[in-house]
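Coordinate inspection notes
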Amino acid sequence: MTFEYLVTAFIICLSPGIGVVYTLSSTLGGGLKAGFWAAIGCTIATVIHLVVAMAGLAAILHTSAVLFQAIKFAGVAYLLWMAWAVLKGRGGLSVRPTEPKSPLQLIRSGILLNILNPKLPLFFVAFIPQFVPAGSPVGLLIELGLGFTAMTFIVFIGYAVIAATGRQYLLQSETAMSWMRRAFAASFAALGLKLATEGTR
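Residues numbered from 1 in each chain as written. Predicted model: local features only at pLDDT ≥ 70, side-chain atom pairs only at ≥ 80, totals over all residues. Heavy atoms only, no water.

1. Quick look at the overall build of the protein
Applicable threshold: The secondary structure listing takes helices from DSSP runs of H or I that are at least 4 residues long and strands from runs of E that are at least 2 residues long, numbered from the N terminus. Remark: exposure states derive from per-residue accessible area (1.4 Å probe, protein chains only) relative to the maximum for the residue type, with buried under 20%, exposed over 50%, and partly exposed in between. Whether two residues are in contact is decided by their heavy atoms: any pair within 4.5 Å suffices. Where accessible areas are quoted, they stem from the Shrake-Rupley method and a 1.4 Å probe; at the residue level, only the protein chains shown are allowed to cover.
Summing up its helical and strand segments, the protein has 10 helices and 0 strands in all. Listed N to C, the secondary structure of the protein is α-α-α-α-α-α-α-α-α-α in terms of helices and strands. Split into buried and exposed, the 201 residues of the protein put 42% on the buried side. Long-range contacts, defined here as pairs at least 24 residues apart, represent 85% of the contacts in the protein between residues at least 6 apart. Surface summary for the protein: the accessible area is close to 10,100 Å², and the carbon and sulfur share equals 71%.

2. Re the packing of helix 2 (residues 18–30) against helix 6 (residues 103–115)
Counted only if it meets this: A fitted line through C-alpha atoms serves as each axis, taken over the contacting stretch for helices, and the angle formed by two N-to-C directions is quoted from 0 to 180°. The labels follow the angle: roughly parallel below 35 degrees, roughly antiparallel above 145, roughly perpendicular from 65 to 115, and oblique for the rest. By definition, turning the near helix anticlockwise from the far helix through less than a right angle yields a left-handed crossing, and turning it clockwise yields a right-handed one. Amino acids outside the nonpolar list (Ala, Val, Leu, Ile, Met, Phe, Trp, Tyr, Cys, Pro) and the charged list (Asp, Glu, Lys, Arg) are all regarded as polar, and Gly is one of them.
Closest axis-to-axis distance for the helix 2/helix 6 pair is 9 Å, and the angle between their directions is 155°. Classified by the angle their axes make, helix 2 and helix 6 are roughly antiparallel. Seen from above, helix 2 lies across helix 6 with right-handed handedness. Seen from helix 2, the contacting residues are Ile-18, Gly-19, Tyr-22 and Ser-26; seen from helix 6, they are Gln-105, Leu-106, Ser-109, Gly-110, Leu-113 and Asn-114. When its residues are assigned to classes, the contact of helix 2 with helix 6 shows 4 nonpolar, 6 polar and no charged.

3. Let's talk about the side chain of Ser-25
Stated formally: Between N or O atoms, a polar contact is any pair within 3.5 Å; within protein, one atom must be a potential hydrogen donor and the other a potential acceptor, and residues adjacent in sequence are included only when both atoms are from side chains.
Mapped onto the elements, Ser-25 comes out in helix 2. There is a polar contact of 3.0 Å between the side chain of Ser-25 and the backbone oxygen of Tyr-22.

4. Regarding the packing of aromatic side chains
Filter applied, for reference: We call Phe, Tyr and Trp rings a pair once their centres come within 6.5 Å, taking the six-membered ring for Trp, and we label the pair stacked below 30 degrees between planes, edge-to-face above 60, and tilted otherwise.
This model, assessed by the stated rule, comprises 2 aromatic pairs. Measuring from ring centre to ring centre gives 5.1 Å for Phe-36 and Trp-37, while their planes differ by 75°; the resulting arrangement is edge-to-face. Taking relative accessible area as the criterion, Phe-36 reaches 33% and is therefore assigned partly exposed. Centroid distance Phe-36 to Phe-153: 5.9 Å. Interplanar angle 80°. Geometry classified as edge-to-face. One end of the pair, Phe-36, is in helix 3 (residues 32–55); the other, Phe-153, is in helix 8 (residues 138–165), and 117 residues separate them in sequence. Here a set of aromatic residues connected by ring pairs shows up, and it is made of Phe-36, Trp-37 and Phe-153.

Here it is in C-alpha cells:
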C-alpha cells in the first residue's frame, strides 16, 4: 500500500458525501457516541461495496441499466425521505437532542443510506485498479480495500469529534439550529438529486 494511495483515499473520504452528512447530523442529535455508531454503519456499507466491487457485481450494474436504475432510485427516495426527516426534526437524523438511539438503529441507518448508492461499487472498480500493477496477487486488492475502509472510519470519526466539540454551542442557539436543519436537509436533497441525474457511465 503506497503513500500515494493513502493520500488519495484520504482526500476522497474527506469529501462531503452521504456518510459525512449522516455522521455529522447523528453527532449533533445524539452526541459523540451516536456519531461513532453512525460512522461504524457507514464504514460497514463501504466494506459491503468493496466486496461487491471485487466480486464483479459492479460490472453487472454497469451493463444492466434496469438493475442500476432500480437501485439508484431506491437510494434517491431514501435520501429525500432523510432530507424531510431532518427538516422536520424527526427520526434518528434530528439535529436536536432526542431520545437515545440504539447502536443497532444508528448502524442500520448508516448502512441503508450508503448501500443504496450504486455509484460506489462502480467507483471502487475504477479507483482501486489504478494502484494495482498487472499480475498482482488478490491479496493486494484486499489490502487496498482494507486500507480504504480504515481511512473511511478514521475520517468519519474525525468529523464526529469536530461536530461534538461545537455541539453545545449550536444546541444553545435557536438560529444556529434552524440553519443546521436546513443545511443538512438541503445536503441530503442535493445528494439525492445528484444521484438521480447520474448515469451508469
